[in-house]
Amino acid sequence: MLLYYLMIGVAVRFGLDMAWMWLVVGGALILAGCACMVRLPRWVRWIWRGGLCAGIALVIALEGLVISGMNAVPPQGLDYLIVLGAKVEENGRPSKALQHRIEAAAEYLLENPGTIAIASGGRGEDEDMTEAACIRNGLLDLGISEERILMEEKSTTTAENMAFSAALAPMGAETQVGIVTNNFHVFRALKLAEKAGYKRVSGLAADYAGLTLLHYMMREGACTIADSLLGNL
């Protein structure tokens, strides 16, 4: 875990969201391992082993949920396609994650000319433009007409993406909505959409691979727990 933290830190200049969790968990396991080298009462050893097994089981269950959405494909003929924002780099360039979302959305929109896109995402403190504007520009470059793109530029979280996007269009019981996000994020995004009141919602998993994929998958597991505790799911 500590080695992986260093690897992803070097890859993204230690700016990855929640990368600290690898340090915390890795350090805690090292300390626990050192503690087990001394003579401990049997009941302490059993509590430690039980806690470790429970933790492993929880991680497996959470990652199973994350994996369940990683190949999501929506039906044809959706009414709306919500493209969730991600980080915008310098000079308005989409990050790798956002670029994959834009490309997946454009491919679907070209195949389904009756579907309306909703570009969703506000502007972070370190971004030159809103994420929605970056999405719109990317879709225009890939041949999607501006008339088919609605803009939601206020959201800062996935939950806000869902709530603010729903206000732009009539989301009736028969409205079919697709959520475009990266593969590791689909499961939680759909659960947040259902919590926000979307009735007929499906995911479109945009590709994401590479060194940081494992981190994002584990982060999604942790965020699923946090959202559940906060009542967002």
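Residues numbered from 1 in each chain as written. Predicted model: local features only at pLDDT ≥ 70, side-chain atom pairs only at ≥ 80, totals over all residues. Heavy atoms only, no water.

(A) Here's a closer look at a nonpolar patch on the surface. Taken together, the side chains of Met 1, Leu 2, Trp 20, Leu 23, Val 24, Val 25, Leu 29, Ile 30, Trp 48, Leu 52, Ile 56 and Ile 60 present a nonpolar region at the surface, about 1100 Å² in accessible area. The set of elements that each furnish at least two residues to the nonpolar patch consists of α2 (20-35) and α3 (42-68). Mapped onto the fold, Met 1 is located in the segment before α1 (2-12). (Patch = residues over 30% accessible without salt bridge, like charges linked within 9 Å, V, L, I, M, F, W, Y side chains within 5 Å. Areas by Shrake-Rupley, 256 points an atom, 1.4 Å probe, with all protein chains shown as cover. Salt bridge = Lys/Arg side-chain N within 4 Å of Asp/Glu carboxyl O. Helix = DSSP H or I, 4+ residues; strand = E, 2+ residues; numbered from the N terminus.)

(B) Region of interest: the environment of Arg 123. Mapped onto the elements, Arg 123 comes out in the loop between β2 (116-120) and α5 (131-141). Residues Arg 123 and Asn 112, spaced eleven residues apart in sequence, show a C-alpha to C-alpha distance of 29 Å. For Arg 123, the residues in contact, after removing those within four places along its chain, are Asp 128, Met 129 and Thr 130. In terms of polar contacts, Arg 123 uses its side chain to reach the backbone carbonyl oxygen of Glu 127, at 2.8 Å. (Contact = heavy atoms within 4.5 Å. Polar contact = N/O pair within 3.5 Å; in protein donor to acceptor, adjacent residues only side chain to side chain.)

(C) Examining the sheet that holds strand β3 (residues 149-152) more closely. The five strands lie next to each other as β3-β2-β1-β4-β5, forming an open sheet whose pairing is parallel. Lying at the two open borders of the sheet, with one neighbouring strand each, are β3 and β5 (200-206). Shown here is a sheet whose adjacent strand axes are inclined to one another by a mean of 25 degrees, direction ignored. In terms of strand pairing, β2 meets β3 through four bridges, oriented parallel. By the bridge assignment, Ala 119 is partnered in β3 with Met 151. Set on the sheet, helix α6 (residues 158-166) makes contact with β1 (80-84), β2, β3 and β4 (176-182); between it and β1 the angle comes to about 150 degrees. Here helix α7 (residues 186-195) sits on the sheet in contact with β1, β4 and β5, set at roughly 160 degrees to β5. (Pairing = 2+ DSSP bridges. Axes fitted to C-alpha atoms, helices over the stretch in contact; angles between N-to-C directions.)

(D) Local environment of the side chain of Thr 115. With respect to the helices and strands, Thr 115 occurs in the loop between α4 (96-111) and β2. Here the side chain of Thr 115 touches Leu 78 through a polar contact of 2.7 Å, landing on its backbone oxygen. Setting aside residues no more than four positions away along its own chain, Thr 115 makes contact with Gly 77, Leu 78, Asp 79, Tyr 80, Leu 81, Tyr 108, Leu 109 and Arg 148.

(E) Molecular detail of unusual backbone geometry. Despite not being glycine, Met 18 shows a phi value in the positive range, around 65 degrees. Structurally, the position occupied by Met 18 is in the loop between α1 and α2. In this structure Met 18 comes out as buried when scored by relative accessible area, which is 18%. One non-glycine residue, Asn 91, lies in positive phi territory at about 60 degrees. In this structure, Asn 91 sits in the loop between β1 and α4. (Buried < 20%, exposed > 50% of the residue type's maximum accessible area, 1.4 Å probe, protein only.)

(F) The arrangement of the pairing of β5 in detail. With respect to burial, β5 is a largely interior element, six of its seven residues being buried. After leaving β4, the chain enters α7 and then returns to the sheet as β5, a path that is right-handed. (Right-handed = clockwise from strand over helix to strand, strands pointing away.)

(G) Region of the structure containing the pairing of β4. The element β4 is largely enclosed, with a buried count of seven among its seven residues. Of the strand pairs in this sheet, β1 and β4 are connected by four bridges, and their pairing is parallel. Note that in β4 the partner of Tyr 80 across the bridge is Val 177. Of the strand pairs in this sheet, β4 and β5 are connected by seven bridges, and their pairing is parallel. Residue Val 180 lies in a different strand from β5, and its bridge partner there is Leu 204.

(H) Expanded view of the nonpolar core. Counting residues in each nonpolar core, the largest one holds 23 residues, and the members touching the most others are Leu 81, Leu 98, Ile 135, Leu 139 and Val 180. At the level of elements, β1, α4, β2, α5 and β5 are the ones that each hand at least two residues to this core. It is α4 that contributes the most residues to this core, seven residues altogether. Counting residues in each nonpolar core, the second largest holds 17 residues, with Ile 8, Met 18, Met 70 and Cys 223 among its members. (Core = buried A, V, L, I, M, F, W, Y, C linked by side-chain atoms within 4.5 Å.)

(I) Structural detail: the packing of α6 against α7. Packing of α6 against α7 leaves a shortest axis separation of 9 Å and a crossing angle of 45 degrees. Classified by the angle between their axes, α6 and α7 sit oblique to one another. Of the two possible hands of crossing, α6 and α7 adopt the one that is right-handed. Residues Thr 158, Ala 159 and Met 162 of α6 lie in contact with α7, whose contacting residues are Ala 189, Leu 192 and Ala 193. (Parallel < 35°, antiparallel > 145°, perpendicular 65-115°, else oblique. Left-handed = near helix turned anticlockwise from the far one by under 90°.)

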